[in-house]
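Here's the letter readout for the chains.
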Amino acid sequence: MGGMGGMPGMGGMPGMGMPNMAAGGGPSGMGGMGNMDPAMMTQMMGNPMVQQMLSNPEFMNNMISQNPMLQQMTQQNPQLRAMLSNPQMMQ
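Residues numbered from 1 in each chain as written. Predicted model: local features only at pLDDT ≥ 70, side-chain atom pairs only at ≥ 80, totals over all residues. Heavy atoms only, no water.

A. Layout of the packing of helix H3 (residues 57-65) against helix H4 (residues 68-76). One way to put it is that H3 packs onto H4 with a least axis distance of 6 Å and a crossing angle of 100°. Judged on the interaxial angle alone, H4 and H3 are roughly perpendicular. Together, Met 63, Ile 64 and Ser 65 of H3 and Leu 70, Gln 71 and Thr 74 of H4 make up the contact between the two elements. (Axes fitted to C-alpha atoms, helices over the stretch in contact; angles between N-to-C directions. Helix = DSSP H or I, 4+ residues; strand = E, 2+ residues; numbered from the N terminus. Parallel < 35°, antiparallel > 145°, perpendicular 65-115°, else oblique. Contact = heavy atoms within 4.5 Å.)

Here it is, written out as structure tokens:
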């Protein structure tokens, strides 16, 4: 499995309908995801591979711990970490 660009150890998901979320940051500070078309976001969230990743708390916690931007966001907003670590919330 490729991964998500901009997140250490997760280098892009070519051919999976996933945008390349390069490091940096758009206006929302989410690696350019703030500019993502809502239809594209809906398509991405409907991807079975994305659903599998989001439903795995261990994966989500690992992703947060390896991404400084996510670490900062979850430290500033503990409810965000709780949401990202809750598989029911992410579905």
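From this point, the narrative continues.
B. Structural detail: the confidence of the model for the chain. Residue-level pLDDT values for the chain average 71, and 60% of them are 70 or greater. Confidence over residues 1-32 falls short of pLDDT 50; this stretch has 58 contacts with residues more than four positions distant or in other chains. (pLDDT = per-residue confidence, 0-100.)

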